[in-house]
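# Commentary on secondary and tertiary structure
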Amino acid sequence: MSDHIPMRVAVVGATGFQGGAAARLLVERGHQVRTLSRRPEADRPELPGVTFGSGDLGRYEDVRQLFEGATHAAVVMPLVYQAEKVMRYAQHIAEAARESGVRRLVYNTNTRIPDRTTNVVAFETRRLAETVFRESLARSGVELVVIRPAVYLDNLFSPWNGPALVHEGVLAYPLPADTPTAWISHLDLAEAVFAALTVDGIAGRVFGIGGSRTVTGAELAECFAQGLGRPVRYVPLEPSVFEQGLAQFLGAESASGVSGVYHYMASGVEPELMAGDDGASATALSVKPASVEEWVARQPWRMWTEAEA
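Below: a short report on this structure. (Residues numbered from 1 in each chain as written. Predicted model: local features only at pLDDT ≥ 70, side-chain atom pairs only at ≥ 80, totals over all residues. Heavy atoms only, no water.)

## Things to note about the environment of Ser 281
We count it as follows: Strands here mean DSSP runs of E at least two residues long; helices mean DSSP runs of H or I at least four residues long; both are numbered from the N terminus. In what follows, residue pairs with any heavy atoms lying within 4.5 Å of each other are defined as contacts.
Summarising the element assignment, Ser 281 is placed in helix α10 (residues 280-285). Sequence separation between Ser 281 and Val 206 is 75 residues; the distance between their C-alpha atoms is 8.7 Å. Excluding anything up to four places from it in sequence, Ser 281 contacts Phe 207, Gly 208 and Ile 209.

This is the structure we're talking about:
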């Protein structure tokens with residue numbers, strides 16, 4: 001499969017941060033991108049070059065229309081954590097991919113997933129969707145590649161982190177300070193998704209993609225200190241406090257789903273879940289994630305001081 005041949009890509013989740021990053025990268029590289037949104041046109045994010053269809057993942061005809069003429073698909077599920085609804089979404093996507101003759105579907109689980117089952121809906125609904133894809137696409141001719149990313153650096157460039165970093169040198173996040181984490185940016189995740197769409201010989205594989213190296217909280221703070229040119233200290237945030245703040249932006253149900261990951265990590269049951277894989281996934285996908293220091297240096301931190309001026 002060549003990345004020089006234009007693809008027609010159905011991107012599920014392009015209105016979100018992760019899917020949006022993948023959609024933009026695909027357009028930049030000359031590929032046709034179509035997505036689906038329930039939002040009114042005026043409410044949709046700016047995605048130059050992306051064609052929008054109106055509809056809902058819960059209606060098969062809408063999903064089938066999204067996939068009409070597509071050669072590839074990149075999928076990240078919305079922040080929905082009801083098992084029945086996620087299963088229906090995944091079934092619709094898989095059926096549309098089969099009927100449309102999509103060559104390869106890349107599924108971004110949005111998080112790492114433990115090997116054993118848990119009571120965390122953020123893990124189990126994503127595991128459920130992956131199972132639906134794997135079973136539904138088997139022997140269909142549609143190749144499946146799964147990306148399981150670690151934690152996103154972009155979470156730290158946010159209204160609840162940016163001002164504290166710039167003014168106080170405080171990096172607060174709901175991961176224990178000693179948790180080894182391979183932080184990755186949305187842009188580098190998009191590069192991994194693009195590679196998963198185009199690299200030959202990887203059908204059926206699962207990639208635990210992460211950043212350039214694995215760091216603890218103190219090491220992450222040091223990386224930020226170098227990028228910002230000021231002292232930075234890491235403060236482990238209580239997951240319940242994080243959840244309360246997130247609920248103001250996402251609503252209680254979605255915030256509870258997202259924060260379940262951090263409650264699980266705080267339990268210490270599987271401390272290595274978000275760690276790197278010694279570069280195995282990046283090597284297989286021929287991608288080279290930027291270092292934390294490089295990512296920090298690229299962000300327009302000044303916006304947080306200008307916003308308060």
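## Quick look at the side chain of Asp 62
As a reminder, the rule being used: Partly exposed describes any residue whose relative accessible area lies between the buried limit of under 20% and the exposed limit of over 50%, with all areas from a 1.4 Å probe on protein chains only and scaled to the type maximum.
Tracing the backbone through its elements, the reader meets Asp 62 in helix α2 (residues 60-67). Using a relative accessible area of 13% as the deciding quantity, one classes Asp 62 as buried. What Asp 62 contacts, discounting residues up to four positions off in sequence, is Leu 36, Ser 54, Gly 55 and Asp 56.

## Considerations on helix α8 (residues 239-250)
Heads up, the condition is: A helix's residues, less one, multiplied by 1.5 Å, set its expected span. This arc describes the spread of directions from the helix axis toward the C-beta atoms.
With 12 residues, α8 ought to run about 16 Å at 1.5 Å a step, and its terminal C-alpha atoms sit 15 Å apart, in line with that. Buried residues of α8: Pro 239, Phe 242 and Leu 246, and no others. Down the axis of α8, the buried set is contained in an arc of 55 degrees. They therefore lie on one face. Exposed and facing more than 90 degrees away from the buried side of α8 are Gln 244 and Gln 248.

## Structural notes on the packing of aromatic side chains
Given two aromatic rings, one states the distance between the centres and the angle between the planes to describe the pair. Keep this limit in mind: Each aromatic pair joins two rings of Phe, Tyr and Trp (for Trp, the six-membered one) with centres within 6.5 Å, and gets the label stacked for planes under 30 degrees apart, edge-to-face for over 60, and tilted for any other angle. Two conditions define a charge sitting above a ring: the NZ of Lys or the CZ of Arg must be within 6 Å of the ring centre, and it must be within 35 degrees of the ring normal.
For the coordinates displayed, the defined rule picks out 12 aromatic pairs. With 6.3 Å between their ring centres and 85 degrees between their planes, Trp 295 and Trp 301 make a pair best called edge-to-face. Since its relative accessible area comes to 2%, Trp 295 is described here as buried. Judged by its relative accessible area of 8%, Trp 301 falls in the buried class. Over the ring of Phe 194 we find Arg 29, and its NZ or CZ is 4.8 Å from the ring centre.

## Details of the nonpolar core
Note the following rule: For our purposes a nonpolar core is just a set of buried Ala, Val, Leu, Ile, Met, Phe, Trp, Tyr and Cys residues, chained together by side-chain atoms within 4.5 Å.
In terms of nonpolar packing, the biggest core is built from 37 residues, with Trp 183, Leu 220, Phe 224 and Trp 301 touching the most fellow members. Contributing elements (two or more residues each) for this core: α4 (121-137), α5 (162-168), β7 (170-173), α7 (217-228), α8, α9 (252-267) and α11 (292-298). Counting residues per element, this core draws most heavily on α9, which supplies 6 residues. By size, the runner-up hydrophobic cluster in this structure holds 33 residues, among which are Ala 21, Leu 197, Phe 207 and Val 287.

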